[in-house]
Structures are given as structure tokens and as C-alpha cells.
Amino acid sequence: MKLRQWTTVGVVAVATIAALNTVPATASRPYDPTAQSLATLGLRHGLHVGTAVSIDALNDASDPQYRTLASSEFSSVTAENAMKWESLEPTRGTYNWAPADQLVDFAKRNRQSVRGHVLVWHNQLPGWLTSGVADGSISKQELRELLRKHITTVVKRYQGKIWQWDVVNEAVSDPWDTPSTLHYKGFWAQNLGPGYIADAFRWARAADPKALLFYNDYNIEAFGSGNPADDKTQFVYDMTKGLRAQGVPIDGVGSQGHLGTQYGNFDTLQVTAALKKFSGLGVATAFTEVDVRSQMTAGVQAGNSEEINPRLQASAANFSVLMKACLAVRSCLSYTVWGFSDRHSWVPGWFDDPPEGLATIYDENYQPKRAYQELKSDLIFAGPPYVLPRLAPKPRR
Ligand code: XIL
């Protein structure tokens, strides 16, 4: 036998031994989808399962499990705070990129997509900006120019690294605001008028021709009365339709999905119907900040299982409703949870009267809760006709 043939035999032998080594293990351990991560299971559907990431938690050396789960369970990440204007430009003219860069690097290392959050929002603005407008030292004209510059600077820095940008966040009022008729609310609408929305999308597109540009808001999981005066979903739908009709480069609508077990919430088909209606406008959809909080009654805090169980079940059911609706509609590109563990959820700090919590899919000790298992089951058991490749729109120009 010539050397070449021996080599071939050797390669085959090695390959066979390798195969034999794995076969018995494989045979005794058949493919077990329950052992797969949410990320892996989601990608069978072309769906990214993501999480918001806290940079502090990521850097906490005493909390390695946070990093492990953030990198292994999710195929997409969102900066919980690091890309907000107050974090990026705490002092006028001086950008602090390090935490946002860190997240983008983390995502690259772990082959994750990044949802950029957020370019234009009325909250978490730098003090110099809001006080400058309040005391008149920043004129309306200058404010508009500052916004254009901010969007351009941030989007250009991360050009090619951001899959979806939340360009405008929470621009629309709620029925409990004054006036109760739904309207464009907050700092930007008050100072620049609602035209800032179209401007923001155009500026973002000019800075990155490829990122998918999203409008993002809460309480838009399902349609209500259909009257835009009191149905926020309808209001956002009409807004999106109007923007598209004007040729504004809006590619997607993100439904945050901050739910609470004390509310009625929605069933899967109601949410599916809403996603379908938005897709009818030619836009992508996504759940961008899902969590399902509960009231922390004295009984819950004392560990009373009769009070805890129904909350955990209701929470799991609501996580699942949004996931099933997302799986059912091909325009739904990603499902992101707003923090994955009760150890690091914004809920207790934000909703404290009455106290709320238990909002995420892992408990404070990183044990998966029912919500996690339900999301996993939804991803495993979704079969035809709901095994549907996602259809991303071409970034609009
Ligand atoms: C929250 C963060 O989770 C908190 O850490 C921060 O103190 C306040 O903002 N909608 C959004 C998110 O779009 O940016 C908010 O994040 C939650 C509500």
C-alpha cells in the first residue's frame, strides 16, 4: 500500500473511532431539546431570544452566573441602560462609550445580535440637556440640532454592529395621562412637536443604511376599542401607517411587553392578531422588554406558597402568550426579556407602591422558574404550521 492509501485508511480509522466513541453516547442520550438553551431553540424558528443586560451585573466578579446565563441562554442582547443618552453623554460634548462598547464586544464574543436601545426617549436624558432647555440656554433650534448630532454620532459609532435600533421610545401617552385623549407626550413632542419622530428615523437611516429601525412602546400588545383616542395600539398603528406612507424609514414596531399578573392582559390570539396587523404595514415586529411582575403582598414576602404559586403560574402564562403569538407571526423577529433574573430586575426598584416583583424567568438564585420552562416548551412544541422562517424586511431607505 502506498503512503497515500495508508494515510486515507488512517484518517478513516480515526474518524470511525471518533464516531464509535460518540455513537453509544448518542444512542443512550438521544437529542433532548429540553437540554438546549432558549437561544438554540429560538434559532430553529429563526427567532432571536434576547435579554436586557446590566453592565454592573456583567462586571460583578462575585456573580459569574449572570455572565454565564447572559452568554449561553440568549442570542440577542440589549443594553439595559448603557446606550441611553444620560449614560453616553453625561457631560456635554464628552461621550462615555466604555460600557456600551463592552456590551457590543460581549455580544460579538458570544455571537449574539444587538438591539440598540435607545436613541430618542424622554427619560434618562442628561441633566445638562433638560436643564438647558428649561432655563432657555438651549433654544428649540439648537435642541433639534443636538438630537440630530446625537443620533448620528451614536448610530455611526456602532454602524454594522446593531441589528435593530429602538429609534424612538414611548412617544405616545396613556389613557391615565392628562389629557386622557391619546397624544404625543413628553420632552421631545413638547419642545420639537411630533415631527421629531420622522426626523429621528431619517437621521438614523442616514447614519446606518442597514440597521432595522424600530419604534418601541408599552401597552401595545393587543388592540382595544379601535379608537385612537383611547386605544394606544391603534394610535401607534395609525402613526406607523402614516410614517410609512410618507416614506419614513421605519422598519419595525417593538412591543415592550411589560405585563403584570394583577391585570387582565391578553390571550395568544389577541396578541397574534395585533402582530399580524402591524405586519400588514410591511414592518417587522418584536417583543423587546418582556417581564411579568406581581404584587409582593405580605403573604408573598413571607413565602406563603398559596399566594406565590398563582403569581408564578400567571407570570409563566403571560410570558408564554407573547412567545406563542411571536412564533405564529413571521414578522416577529425577536423576543427579548427585560432582565432574566429576579436578582437583577428593574421592577422592585421601579414599582414600589405597592411593592412588585417576581417579574423575570429565573429566581434570585438563578433557578429557572415556570416562565422559563414555558418559554422553552413553546419553542420546542411549536410545530407546523408554526415552524416558520422569519421574514425580515429590507431596511427601508
Ligand atoms: C429601565 C431600566 O431597566 C432601569 O434600570 C432604569 O432605572 C429605568 O429604565 N421602558 C424602557 C426601558 O424602554 O429603557 C426601561 O428600562 C424600562 C421601561
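Just so we're clear, the structure is a prediction, and the values are computed from it rather than from any experiment. (Residues numbered from 1 in each chain as written. Predicted model: local features only at pLDDT ≥ 70, side-chain atom pairs only at ≥ 80, totals over all residues. Heavy atoms only, no water.)

Regarding the overall build of the protein
Note the cut-off: Strands here are runs of E lasting at least two residues and helices are runs of H or I lasting at least four, both read from the DSSP assignment and numbered beginning at the N terminus. Within these notes, the globule rule equals 2.2 Å times the number of residues to the 0.38 power, and the radius of gyration is based on C-alpha atoms. Exposed residues in this analysis have more than 50% of their type's maximum accessible area, buried residues have under 20%, and partly exposed residues fall in between, with area computed by a 1.4 Å probe over protein chains only. Every residue pair with non-hydrogen atoms within 4.5 Å of one another is taken to be in contact. Only the protein chains shown count as cover for residues, and the accessible areas themselves come from Shrake-Rupley with a 1.4 Å probe. Lys and Arg are tallied as positive, Asp and Glu as negative. Neither His nor the chain termini are counted. Taken as the charge centre is NZ of Lys, CZ of Arg, CG of Asp or CD of Glu, depending on the residue.
Scanning the protein from terminus to terminus reveals 16 helices and ten strands. For 397 residues, the compact-globule estimate of 2.2 N^0.38 gives 21 Å, and the C-alpha radius of gyration of the protein, at 23 Å, lies within 12% of that figure. Among the 397 residues that make up the protein, the fraction classed as buried is 52%. Partitioning the contacts of the protein with sequence separation of at least 6, the portion at a separation of at least 24 is 79%. Accessible surface, the protein: about 17800 Å² in total, of which carbon and sulfur atoms supply 55%. For the protein, the separation between the mean place of its 39 positive charges and that of its 38 negative charges on side chains is 13 Å.

A look at helix α4 (residues 64-72)
Applied cut-off: For this quantity, the arc is that covered by the directions from the helix axis to the C-beta atoms.
Among all positions of α4, only Y66, L69 and A70 are buried. The buried residues of α4 occupy an angular sector of 100° when the element is viewed end-on, so they sit on one face. On its buried side, α4 packs onto β1 (48-53), α3 (55-58) and α6 (98-109).

Quick notes on the layout of surface pockets
Convention followed: Here a cavity is any set of points on a 1 Å grid over the protein atoms alone where a 1.4 Å probe fits but cannot get out, and a pocket is any open set with protein on both sides within 12 Å along at least 5 of 7 lines; a residue lines the site when it has an atom within 4 Å of a point. Grid points are joined across faces, edges and corners, and a volume is the space filled by probe spheres set on the points. Just so you know the grouping, Ala, Val, Leu, Ile, Met, Phe, Trp, Tyr, Cys and Pro go in nonpolar, Asp, Glu, Lys and Arg go in charged, and all remaining residues, Gly too, go in polar.
Quantified by volume, the largest pocket comes out at close to 860 Å³. Looking at the largest pocket, it is lined by 39 residues, and the ones nearest its centre are Y218, Q256, H258, W346 and F351. Broken down by secondary-structure element, the contributors of at least two residues to the lining of the largest pocket are α11 (232-245), β7 (258-260), β8 (284-295) and α15 (347-350). By residue class, the composition of the lining of the largest pocket is 14 nonpolar, 13 polar and twelve charged. The volume enclosed by the second largest pocket comes to roughly 170 Å³. For the second largest pocket, the full set of lining residues is V53, S54, I55, D56, N59, E80, N81, A82, S87 and P99. The residue inventory of the lining of the second largest pocket, partitioned by class, reads four nonpolar, four polar and two charged.

Quick notes on the site of the ligand
Spelled out, the test is: For this description, a residue counts as near a given molecule or strand if any of its non-hydrogen atoms is within 4 Å of it. Here a polar contact is recorded for every N or O atom pair within 3.5 Å, except that within protein the pair must consist of a potential hydrogen donor and a potential acceptor, and residues adjacent in sequence are included only if both atoms are side-chain atoms. Put plainly, a molecule is in a cavity or pocket when over half of its atoms are within 2 Å of the grid points there.
Close to the ligand lie 14 residues; E80, K84, H117, N169 and E289 are nearest. One nitrogen or oxygen atom from the side chain of E80 is found 2.5 Å from an oxygen atom belonging to the ligand. Q124 has a polar side-chain atom sitting 3.2 Å from an oxygen atom of the ligand. Its free accessible area being 420 Å², the ligand has 86% of it covered by the protein chains. A majority-of-atoms criterion places the ligand in the largest pocket.

Some words on the pairing of strand β2 (residues 76-79)
The side chains of a regular strand alternate, first on one face of the sheet and then on the other. Basically, it comes down to this: Paired strands, in this sense, are two strands between which DSSP finds at least two bridges.
Burial along β2 is two-sided: the face carrying S76 and T78 and the face carrying V77 and A79 are both buried. Looking at chain direction, β1 and β2 are connected through four bridges and run parallel. Bridge assignment links T51 to a residue of β2, and that residue is V77. Sheet topology note: the β2/strand β3 (residues 113-120) ladder contains three bridges and is parallel. Directly across from T78, in β3, lies its bridge partner R115.

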